[in-house]
Amino acid sequence: MPDTGDTLDPRATQPVSPFTVLPEHIRLEDTITSQPAAEPADPTMGRDPETDFMLRYN
């Protein structure tokens, strides 16, 4: 007989959640970067602040 949802059991009407079980624990030693870090971006974006100052105020 198919379930019609008319039962009084509250567990029968709740959908099964995919988050009922936690994933396996990952040790900190196993967490490493998979690629080398890139060089940081140039903060002046290739411009010379001294030249910009001279052009603006002279």
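In this report, we go over the structure that sits alongside the text. Small disclaimer: the values here were computed from a predicted structure and weren't measured.

What counts and what doesn't
- Residues numbered from 1 in each chain as written.
- Predicted model: local features only at pLDDT ≥ 70, side-chain atom pairs only at ≥ 80, totals over all residues.
- Heavy atoms only, no water.
- Helix = DSSP H or I, 4+ residues; strand = E, 2+ residues; numbered from the N terminus.
- Buried < 20%, exposed > 50% of the residue type's maximum accessible area, 1.4 Å probe, protein only.
- Areas by Shrake-Rupley, 256 points an atom, 1.4 Å probe, with all protein chains shown as cover.
- Patch = residues over 30% accessible without salt bridge, like charges linked within 9 Å, V, L, I, M, F, W, Y side chains within 5 Å.
- Salt bridge = Lys/Arg side-chain N within 4 Å of Asp/Glu carboxyl O.

1. What to know about the overall build of the protein
On a plain count of helices and strands, the protein comes out with two helices and zero strands. Counting across all 58 residues of the protein, residues that qualify as buried make up 0%. Here the protein displays about 6600 Å² of accessible surface, and carbon together with sulfur accounts for 60% of that area.

2. A word on a nonpolar patch on the surface
There is a patch of nonpolar side chains on the surface, built from F53, M54 and Y57 and spanning about 370 Å² of accessible area. Inspection of the secondary structure assignment puts M54 in helix α2 (residues 49–57). With a relative accessible area of 51%, M54 lands in the exposed category.

3. Overview of unusual backbone geometry
Notably, M45 is not glycine yet its phi reads approximately 55°, a positive angle. Tracing the backbone through its elements, the reader meets M45 in the loop between α1 (10–13) and α2.

Limitation: the analysis is restricted to geometry and does not speak to function.
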